[in-house]
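Chain by chain, the residues:
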Amino acid sequence: MTFRFVRNALSLLLAATALQALAQDFPNRAITMVMPYAAGGPGDTITRVFAGAMQKHLGQQIVVDNTAGASGSIGTAKVARSKPDGYNLLMIHVSHATNVAMYKSLPYHPVDDFDPIGRATSGPMVIVTRNDFPAKNLNEFVAYVKANGPKVSLAHAGVGSASHLCGLMMMNALNVKMNEIPYKGTGPALTDLMGGQVDVLCDQTSGTVPSVKTGKIKAYAAAGKARLPQLPEVPAISEAGVEGFDINISFGLYAPKGTPKPVLAQLTGALQKSVGDSEVRQRLEAMGISAVSVDQATPEALRSHLKNEIDTLGGLLVKAGVKAN
């Protein structure tokens, strides 16, 4: 009995020593940060901003790997299958929560197969329209959409995209069905909105604010309870008495499940230093989004955020009967 106790104690001591050695040695080579969407988009830019900032604090290069496809699930599965040693990370937004509702079978589970490192960004959404849309203000916009729902064309960047989710939430909150027009990305949807081919788009400020400020499209409301610092003159949708319409797109950083806690702690520390970096914050604000506060760049905050998105946005997709093609 005594021998077994000593043996078990020795095993625990050796394991703890090995973890400590791993933490002290980490990182000793380049880290790969997978961005499961195409290069050139907002998500890619965000990932490269954080890769550049975090590598300064970790002392090793961070290489961005764009493994796109299937609403981010291909790149996500790649990280889930990788060795849990801290050298393969995933930067992803809302699709990490909604793919569970959209796909019958995923080769991973967003909660069970990943260790959260922390939230990175917070990106508000804004309702925009073609310039000659007839409503003069937010209240008129709400009244017009309620009265003409099926006649109003609602563009979005594809099934499961942030703009699709925002559109679903808007229709749900207004209790109306609009004519959905899916596109292959925000770019072509925004182009047709500027050209007057579609009526409405609800998307991230990173893509819409520049076009609003140059007068190419009109903004009616921020999708939430607060006005946008980028467009302070535009009211929040709640100011028109609309409830249940609050959506914010956040990017978070994950590692494969089983990554040693000391390694996760180092990665979280580097992320926290990055969200507090003035250069990082300025670059993100120029895109119309914000870095989260340091207390939100934690595993606990990201875990809670993911659960909330699975429940609310995933539930929204289930209610709408949306499935990936």
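Above this note sits the structure.
A quick note: this is a predicted structure, and the numbers were derived from the prediction, not measured.

### Quick word on helix α11 (residues 299–320)
Argument step 1. In this model α11 runs 31 Å from its N-terminal to its C-terminal C-alpha over 22 residues, within 8% of the 32 Å that 1.5 Å per residue would give.
Argument step 2. Along α11, the sharpest kink reaches roughly 25 degrees, centred on E309.
Argument step 3. Here α11 has its buried residues at P299, A301, L302, H305, L306, E309, L313, G314, L316 and L317.
Argument step 4. In this structure, the buried residues of α11 make contact with α4 (95–102), β4 (114–119), α6 (162–174), β10 (248–249), β11 (252–256) and α9 (261–275).
Argument step 5. In the stretch just after α11, G321 is the one whose phi turns positive, near 70 degrees.

### Here we look at the pairing of strand β8 (residues 200–204)
Argument step 1. Taken across its five residues, β8 has five buried, putting it largely inside the fold.
Argument step 2. Both strand β5 (residues 121–129) and β8 contribute to a ladder of five bridges, which runs antiparallel. Its bridge partner being in β8, V126 is matched across the sheet by D203.

### Comments concerning helix α5 (residues 138–148)
Argument step 1. All of the buried residues along α5 are L138, F141, V142 and V145. One side of α5 holds all its buried residues, which, seen down the axis, span an arc of 95 degrees. Residues of α5 that are exposed and point more than 90 degrees away from the buried face comprise N139 and A147.
Argument step 2. Where α5 is buried, its residues meet β5, α6, β8 and β9 (218–222).
Argument step 3. One side-chain oxygen at the N-terminal end of α5 lies 3.2 Å from the backbone nitrogen of N139; it belongs to N137.

### Thoughts on the packing of aromatic side chains
Argument step 1. Inspection of the entire model under this criterion finds seven aromatic pairs.
Argument step 2. Pairing F133 with Y144 gives two aromatic rings, centres 5.1 Å apart and planes at 75 degrees, and the pair type is edge-to-face. Taken together, the residues F133 in the loop between β5 and α5 and Y144 in helix α5 connect sequence positions eleven residues apart.
Argument step 3. Look at F133 and you get buried, because its relative accessible area is 3%.

### Quick notes on the side chain of S274
Argument step 1. Mapping S274 onto the fold places it in helix α9.
Argument step 2. S274 sits in the buried class, given a relative accessible area of 0%.
Argument step 3. At 2.8 Å, the side chain of S274 forms a polar contact with the backbone oxygen of A270.
Argument step 4. With sequence-adjacent residues up to four places away left out, S274 is seen in contact with F50, A53, M54, H57 and V280.

### Observations concerning the packing of helix α2 (residues 42–58) against helix α10 (residues 278–286)
Argument step 1. It is the contact of α2 with α10, at a shortest axis distance of 11 Å, that shows an interaxial angle of 175 degrees. Between α2 and α10, the angle falls in the class roughly antiparallel. Each of I46, V49, F50, A53 and K56 in α2 lies in contact with α10, whose residues at this interface are E279, V280, R283 and L284.
Argument step 2. Split into classes, the residues belonging to the contact of α2 with α10 amount to six nonpolar, no polar and three charged.

### A short note on the nonpolar core
Argument step 1. In this structure, F50, M54 and L271 are the most contacted members of the largest nonpolar core, which totals 46 residues.
Argument step 2. With seven residues, α2 is the largest single contributor of residues to this core.
Argument step 3. Ignoring sequence-local partners within four residues, the contact set of F50 consists of M91, A120, T121, L271, S274, V275, V280 and L284.
Argument step 4. Residues I127, M170, M171 and I237 belong to the second largest nonpolar core, which totals 38 residues.

### Thoughts on the pattern of salt bridges
Argument step 1. Using the criterion set out here, one finds ten salt bridges in the structure.
Argument step 2. D65 is the partner of K78 in a salt bridge, and the nearest nitrogen-oxygen pair spans 2.5 Å. Highlighted residues: K78 in helix α3 (residues 73–81) and D65 in strand β2 (residues 62–66), separated in sequence by 13 residues.
Argument step 3. When its relative accessible area of 35% is taken as the criterion, K78 is described as partly exposed.
Argument step 4. R130 serves as the salt-bridge partner of D199, at 2.6 Å between the closest nitrogen and oxygen.

### Considerations on the state of the cysteines
Argument step 1. Scanning the model with the defined rule gives one disulfide in all.
Argument step 2. Between the sulfur atoms of C166 and its disulfide partner C202 the distance amounts to 1.9 Å. Taken together, the positions of C166 in helix α6 and C202 in strand β8 put the pair 36 residues apart, joining distant regions of the chain.

About the cut-offs
- Residues numbered from 1 in each chain as written.
- Predicted model: local features only at pLDDT ≥ 70, side-chain atom pairs only at ≥ 80, totals over all residues.
- Heavy atoms only, no water.
- Helix = DSSP H or I, 4+ residues; strand = E, 2+ residues; numbered from the N terminus.
- Expected span 1.5 Å × (residues − 1).
- Bend = angle between axes of the 7 residues up to and from the residue.
- Buried < 20%, exposed > 50% of the residue type's maximum accessible area, 1.4 Å probe, protein only.
- Contact = heavy atoms within 4.5 Å.
- Pairing = 2+ DSSP bridges.
- Arc of directions from axis to C-beta.
- Polar contact = N/O pair within 3.5 Å; in protein donor to acceptor, adjacent residues only side chain to side chain.
- Phe/Tyr/Trp six-rings, centres within 6.5 Å; stacked < 30°, edge-to-face > 60°.
- Axes fitted to C-alpha atoms, helices over the stretch in contact; angles between N-to-C directions.
- Parallel < 35°, antiparallel > 145°, perpendicular 65-115°, else oblique.
- Nonpolar A, V, L, I, M, F, W, Y, C, P; charged D, E, K, R; others polar.
- Core = buried A, V, L, I, M, F, W, Y, C linked by side-chain atoms within 4.5 Å.
- Salt bridge = Lys/Arg side-chain N within 4 Å of Asp/Glu carboxyl O.
- Disulfide = S-S within 2.5 Å.

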